[in-house]
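Fold and contact review
The primary structure of each chain is shown beneath.
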Amino acid sequence: QKEVEQNSGPLSVPEGAIASLNCTYSDRGSQSFFWYRQYSGKSPELIMFIYSNGDKEDGRFTAQLNKASQYVSLLIRDSQPSDSATYLCAVNGVDNFNKFYFGSGTKLNVKP
Amino acid sequence: DVKVTQSSRYLVKRTGEKVFLECVQDMDHENMFWYRQDPGLGLRLIYFSYDVKMKEKGDIPEGYSVSREKKERFSLILESASTNQTSMYLCASSPAGSGNTIYFGEGSWLTVV
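Let me begin by describing the structure that accompanies this report. (Residues numbered from 1 in each chain as written. Chains lettered and ligands numbered in written order. Predicted model: local features only at pLDDT ≥ 70, side-chain atom pairs only at ≥ 80, totals over all residues. Heavy atoms only, no water.)

Comments concerning the pattern of salt bridges
Counted under the stated rule, the structure contains ten salt bridges over all chains. Across the salt bridge formed by Glu57(A) and Arg77(A), the nearest N and O atoms sit 3.4 Å from each other. Pair noted here: Glu57(A) is in strand β6 (residues 54-58) and Arg77(A) is in the loop between β8 (71-76) and β9 (85-92), with a separation of 20 residues, a long-range link. Measuring nitrogen to oxygen at the nearest pair gives 2.8 Å for the salt bridge that ties Asp83(A) to Arg60(A). Residue Asp83(A) is located in the loop between β8 and β9, and its partner Arg60(A) is located in the loop between β6 and β7 (61-66); the two are separated by 23 residues in the primary sequence. With a relative accessible area of 1%, Asp83(A) lands in the buried category. Arg60(A) sits in the partly exposed class, given a relative accessible area of 26%. Salt bridges here are not isolated pairs; linked through shared partners, they connect Asp28(B), Glu30(B) and Lys71(B). (Salt bridge = Lys/Arg side-chain N within 4 Å of Asp/Glu carboxyl O. Helix = DSSP H or I, 4+ residues; strand = E, 2+ residues; numbered from the N terminus. Buried < 20%, exposed > 50% of the residue type's maximum accessible area, 1.4 Å probe, protein only.)

These results come straight from atomic positions and should not be treated as a statement about function.
Here it is in structure tokens:
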């Protein structure tokens, strides 16, 4: 069983603040990492993916990957109430690149 | 845009009924997946398929079967529905190979009474 761990939250931040979401994974050989956003009652939608160590920025979102520490994070700058959702971390399987393993998600609340 | 369509959004079935959940993707993806999502348990993989007529068990295949007769269509079958199969079911697809994104359908909410 591959493990992808996330703090379930809820994480509460005020509007305009930076929200920091964290994820650890157990399989050291994992290659690809994804962040999905899921609004209540809806299906997950892709926000970002990252393959290499370091930071990757896309608008207000920054994904950070540290393979040595087996840690991936998502930073949301200038958080908005519309960012309130559950954020899922996903990792590609090592034994089978076609399989994905998901964390249970962190619920983010952005207060106006 | 990738489109993954789950034809049944909300279903209520009785214990012991046979249930079919259908999923169609329009992007010629090799891989298709069925997950279920329950509060506090996250997304759990039931089955996935990497080619027509090919399937592989996920983490929780008991009580489920799947069918993939055509590349674009992947069906989840509950042979004899039970109340503990009440859940949201998510179909997804992805291209083959490392690093490719997985795309989800809108989900099917199944209640077994």
